[in-house]
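Next come the chains, spelled out residue by residue.
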Amino acid sequence: MSRSVGEHRRDDPIREVSGRLVAEYRGALPPGTVLRCVARCRYQLRQAGIRAGLDHAVEAMARHRLRELRQIRAAG
């Protein structure tokens, strides 16, 4: 059965990664910034042909970028 627009699978690992990172960076970065970062990382990795382990790759890439963003905001 196909999903309709706006409908999400409950067991989506990228969604779980997003939730963890939003909670982890709460107070340091706005949730929208974290979600955009995760979405951008996912897009770039899929464009590069990454399929297996995509959720782990997205989390690692997003964490790196979010750490940098947090440091920039703290210094600014």
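Look a little higher up for the structure.
Here the structure is a predicted model, which means the values were calculated and not measured.

Caption draft 1: Structural detail: the pattern of salt bridges. Inspection of every chain in the model, using the stated rule, returns three salt bridges. Glu 59 is the partner of Arg 20 in a salt bridge, and the nearest nitrogen-oxygen pair spans 2.8 Å. One end of the pair, Arg 20, is in helix α1 (residues 13-24); the other, Glu 59, is in helix α3 (residues 54-75), and 39 residues separate them in sequence. You can call Arg 20 partly exposed: its relative accessible area is 41%. Among the residues examined, Glu 59 registers a relative accessible area of 14% and is labelled buried. Residues joined by salt bridges that share partners form a network here, namely Arg 20, Glu 24, Glu 59 and Arg 63.

Caption draft 2: View of helix α2 (residues 31-47). For α2, spanning 17 residues, the distance from its first C-alpha to its last is 24 Å, which sits close to the expected 24 Å at 1.5 Å a residue. Those residues of α2 not exposed but buried are Thr 33, Val 34, Cys 37, Val 38, Cys 41 and Leu 45. Mapping the buried residues of α2 onto a view down its axis gives an arc of 135 degrees, with all of them on the same face. Among the exposed residues of α2, those pointing more than 90 degrees away from its buried face are Arg 36, Tyr 43 and Gln 47. If you follow the buried residues of α2, they end up packed against α1 and α3. Positioned one or two residues after α2, Gly 49 has a phi angle of 95 degrees, which is positive.

Caption draft 3: Here's a closer look at α3. The terminal C-alpha atoms of α3 lie 32 Å apart, and with 22 residues this matches the ideal 32 Å at 1.5 Å per residue to within 8%. For α3, the set of buried residues is Leu 54, Val 58, Glu 59, Ala 62 and Leu 66. Looking straight down α3, one finds its buried side chains confined to an arc of 110 degrees; they lie on one side. Exposed and facing more than 90 degrees away from the buried side of α3 are His 56, Gln 71, Ile 72 and Ala 75. Residues of α3 that are buried sit in contact with α1 and α2.

Caption draft 4: Here's a closer look at the state of the cysteines. Scanning the model with the defined rule gives zero disulfides in all. The thiol of Cys 37 is unpaired, and the distance to the nearest cysteine sulfur, on Cys 41, comes to 4.2 Å. Judged by its relative accessible area of 6%, Cys 37 is buried. Relative accessible area serves as the criterion here: at 0%, Cys 41 is assigned to the buried category.

Conventions we followed
Residues numbered from 1 in each chain as written. Predicted model: local features only at pLDDT ≥ 70, side-chain atom pairs only at ≥ 80, totals over all residues. Heavy atoms only, no water. Salt bridge = Lys/Arg side-chain N within 4 Å of Asp/Glu carboxyl O. Helix = DSSP H or I, 4+ residues; strand = E, 2+ residues; numbered from the N terminus. Buried < 20%, exposed > 50% of the residue type's maximum accessible area, 1.4 Å probe, protein only. Expected span 1.5 Å × (residues − 1). Arc of directions from axis to C-beta. Contact = heavy atoms within 4.5 Å. Disulfide = S-S within 2.5 Å.

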